[in-house]
Each structure stands twice: as structure tokens, then as C-alpha cells.
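# Analysis of the macromolecular model
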Amino acid sequence: MLASAGFLALAVELSPAGLLTRMAPDLDASVASAGSLMALYALGNAVLVLPLTTWALRFTRRTALTATLLVFVAANVLVALSTDLAPALLARFVAGGAHGLLMALSPAVAVRLVRPDQRGRALAVVVGANTVGIAVGAPLTSLVGTTLGWQATFYAAAAMALLCAVLLWATLPPMRSQDGPRVPVLRALRLPGVARIGGAWALVMLGYLGVITYIDPYLLALGAPPLVVSGALFVFGTAGLLGVWLTTRIAARSRIAALVAMPLVMAAALVAMAFGIGNLVVVLVLLACWGVGFSGAVLIYQQVLLHVGHRAPETVMGIGVVLCQAGMAVGAALGGVVVDSAGVGAVPVLGAASAVAALLLLAGVGGVLRRATREQQPAAQEGRQTTRA
């Protein structure tokens, strides 16, 4: 259910991208103005996630997650009912905040529902759903909106989110959102490794949005037919599922190896794309390799962020979400600067540089991870004894 909710949230986040020309007339707005529906969702995500996370820690996980999904339901219904741009923008802002809180709570809840040796796989399920949302969810929302009307996309998302809320309430144990005393945001940010790992995640997202925003003109400049251009996100997202599986396997043996390998795969693929290779088959293979590295990096960053921030997992994930959204905002702006100054063919250089910078930022983080492991060993041993009992 956590994975399904994440899939829905990401699919809805991206849905206006394929429906703007249909939404704009019904909202009495230009296509350019309707594009703000994407921006307000991201803004709500970034601005609301930390205060909402602080609020959510007052309640049990079941209550907080169910309430979050119900707000998400109401916001999407309001978008579907809107006949003017203003209420639709407000609803998107609120939906973005609900999505941000879902991103902060779900990974921490997932890893606490299972034994310590299952945490990597549990997190892979939740994070992998976001990858499926990119690969399948976004094209699916566009298809539904094109076939049945754009309102149907938001009504359907609201109905499915309501089902997730009901099932989560029925199945999730009513445990507290955070063990031990509540850790303030600033203190959580100062926990060893949190700022560096969150910063590396932000750098990866910076490069991702800087490149993916201009992937269509990049492919068109190489002479790609429209079918290839429209399938680029599908290739990227589908390859990301392999990245999630591969990273889970590598991290089970060594988190450090996964932290190094995934950014290197990203950087290598993007550097090769920047060379202006004209063979579209090769470019699509490189795009898939980038998807493997990107999804793997996002997974391992969240895994190690929860590991070093085990004293305040929800708060730490909220910090990570804010940094992630900030990186995306900067990436979109920098991508435009690169296109204006050096042409669309140079955009992959931005992504490669961001991946390398993320790798350098985490130099020497192994000691922090080992310390976090030692701190959690007594709790893990107690959990195994309880399981045997």
C-alpha cells in the first residue's frame, strides 16, 4: 500500500505535463499559465514537508499516513472540479505537500515494519514504485486524460488513493511515528552524515531535472522520430527498475560500493551522451544506463540517510525531501542556462558533473556509516531475540 500510494503521487505529479493543452481551456488559462500546475506541486512539496512532518510526529504512523492520503484525495478532487486556474493551483500546492509528507514517512515506516535484514528490500519496494511511476504512471495518466477527459485522471487518482488510505488504516499497526524523544529539525540536520548524504541526493536530482527537462529537444536534435522521443521516459524509468534491483543486491554486501557505483554509472552514461553520438540505438542504451544509475543512487541515498538518521528517521527524510526539491529547482534553472549558452547537446555534461560532485561529497562517509551501524546493533539484536521468542 505504501508503494501504491507513492506510485499514485508521482504519476499525479507528472500528469499535467501530458495534459496541459486539454486542461488550459477548461481552466480559462493559457498553456504557459497552466504549466504552473507543475511548479505549484513542487513548491508545496518543498515548502510544506518539514512543518507537516513535525505535525505528523504527534500521531501514530497509521493516523498520519491515512490523513495524508485523505488530503491528497481531496486535493485531486478539487483539481478535477476546478473551472478556473486559481483553485486548481491551490489544490496542486496542497497535493504537493501531501506528496512530500508521504515521501518523508513511507520509507521510514517501511523499514520499521520488517526485520533488520529485510530493510533493504522493503525500501526497494517503496522507492521502486516511484520509478514505476515515472515509467508507467506518467504515460498512463496522459492516456486516461486524453481518452476520457483530463478530469478523469484526477478522479481516478483520488479514488485509488482513497482505497490505499482505507487499506493502510486496516493493515498498518498503530505504532508511534518515531521512537524515543522527538529530535528537532536543526538537530537532525546536524546528525553525522545527514547533511552530506542529503546534499548528494540533491546534486543527483539537480542533474536529473537539468537533463530530463530537455531530453526531448536533445533527442530531436539527433534526428529522433517522435515515437522515440515520447518513449524516452519509458526507457529511462524501466531501466530504473533494474537499477533498484541491482543496488539492493550490491548494498546488501556493501553500502559504500553502491554509493560509489551508481553515480559512476550515471556520470559515464551522461559523458558518453554529451559526445553527440548520432546513433539513436546507442543513445537509448546510454539513456537506459543513466536510468539504472539514477534510480540506484536515489535508493541508496535514502537507505543510508535513514541509516545515519536512525534517531529521527521521519525528520531526516523530510530534510532529504526538501534538499531533493531544492536540487530539482536549481537543476531546471541551470539546464536552461546551459542550453542558452552551449546548446542542448551540452546538457548531459551538467548531469555528469552533478553525479561526480555527489560522489566527491560523500568521500570518507564510510566511518559515519560504521558508527551508525554500531549504534543500532543493540536494537537489532533485541529485535532478533523478540522475533525468535
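Heads up: these notes are all about the structure in this document. The structure presented is a predicted model; accordingly, all values stated were derived computationally and were not measured. (Residues numbered from 1 in each chain as written. Predicted model: local features only at pLDDT ≥ 70, side-chain atom pairs only at ≥ 80, totals over all residues. Heavy atoms only, no water.)

Further remarks concern the overall build of the chain. From N to C terminus, the chain includes 18 helices and zero strands. Relative to a compact globule of 389 residues, whose C-alpha radius of gyration would be 21 Å, the chain shows 20 Å and is just as compact. Across the 389 residues that make up the chain, the buried fraction comes to 51%. When the accessible area of the chain is evaluated, it comes to approximately 16,000 Å², of which 70% is carbon and sulfur surface. (Helix = DSSP H or I, 4+ residues; strand = E, 2+ residues; numbered from the N terminus. Rg over C-alpha atoms; globule rule 2.2 N^0.38 Å. Buried < 20%, exposed > 50% of the residue type's maximum accessible area, 1.4 Å probe, protein only. Areas by Shrake-Rupley, 256 points an atom, 1.4 Å probe, with all protein chains shown as cover.)

Moving on, we come to empty space enclosed by the protein. As enumerated under the stated definition, the model contains two cavities of 30 Å³ or more in all. Empty space within the largest cavity amounts to approximately 100 Å³. If you trace the largest cavity, you find it lined by L2, G6, H99, L102, M103, S106, P107, V126, N130 and Q302. Sorting the residues of the lining of the largest cavity by element identifies helix 1 (2–14), helix 6 (85–112) and helix 7 (119–148) as the ones contributing at least two each. When its residues are assigned to classes, the lining of the largest cavity shows five nonpolar, five polar and no charged. (1 Å grid on protein atoms, 1.4 Å probe; cavity = no way out; pocket = protein on both sides within 12 Å on 5 of 7 lines; lining within 4 Å. Points joined across faces, edges and corners; volume = space filled by probe spheres on them. Nonpolar A, V, L, I, M, F, W, Y, C, P; charged D, E, K, R; others polar.)

This paragraph deals with the packing of helix 10 (residues 194–212) against helix 15 (residues 280–308). The geometry of helix 10 relative to helix 15 is characterised by a closest axis approach of 9 Å and an angle of 160° between their N-to-C directions. Taken as axis vectors, helix 10 and helix 15 run roughly antiparallel relative to one another. The crossing of helix 10 and helix 15 is left-handed. Contacts between helix 10 and helix 15 pair V194, I197, G198, A200, W201, V204, M205, G207, Y208, V211 and I212 from the former with W290, F294, A297, V298, Y301, Q302, V304, L305 and V308 from the latter. (Axes fitted to C-alpha atoms, helices over the stretch in contact; angles between N-to-C directions. Parallel < 35°, antiparallel > 145°, perpendicular 65-115°, else oblique. Left-handed = near helix turned anticlockwise from the far one by under 90°. Contact = heavy atoms within 4.5 Å.)

The next point concerns the environment of A159. On the secondary structure map, A159 appears in helix 8 (residues 150–171). On the accessibility criterion, A159 (48% relative accessible area) is partly exposed. Taking the C-alpha atoms as reference points, A159 and G364, 205 residues apart in sequence, are found 47 Å from one another.

Turning our attention to helix 10. Counting along an α-helix, one turn takes 3.6 residues, and residues three or four places apart therefore face a common direction. Between its first and last C-alpha atoms helix 10 spans 27 Å; for 19 residues at 1.5 Å apiece the expected length is 27 Å, and the two agree. Counted residue by residue, helix 10 has 16 buried out of 19 residues, so it is predominantly covered. (Expected span 1.5 Å × (residues − 1).)

So, on to unusual backbone geometry. Look at D28: it is not a glycine, yet its phi comes out positive at around 55°. Here D28 lies in the loop between helix 2 (20–26) and helix 3 (31–34). On the accessibility criterion, D28 (63% relative accessible area) is exposed.

Bringing the environment of V271 into the picture now. Here V271 shows up in helix 14 (residues 255–274). Take V271: its relative accessible area is 38%, and that puts it in the partly exposed class. Distance from V271 to L286, taken between C-alpha atoms, is 9.5 Å for residues 15 residues apart in sequence.

Over its 22 residues, helix 13 (residues 232–253) extends 32 Å from the first C-alpha to the last, a length consistent with the 32 Å expected when each residue adds 1.5 Å. Every buried residue belonging to helix 13 is among A232, F236, G237, A239, G240, G243, V244, T247, T248 and A251, and all of these are buried.

A few words now on the packing of aromatic side chains. Using the criterion set out here, one finds seven aromatic pairs in the structure. Ring geometry for Y208 and F294: centres 4.4 Å apart, planes at 20°, overall stacked. Note that Y208 is positioned in helix 10 and F294 in helix 15, a separation of 86 residues in sequence. The class of Y208 is buried, set by a relative accessible area of 9%. Taken together, Y208, F236, W290 and F294 form an aromatic cluster joined through their ring pairs. We note R62 situated over the ring of W169; from NZ or CZ to the ring centre the distance is 4.4 Å. (Phe/Tyr/Trp six-rings, centres within 6.5 Å; stacked < 30°, edge-to-face > 60°. Lys NZ or Arg CZ within 6 Å of the ring centre and 35° of its normal.)

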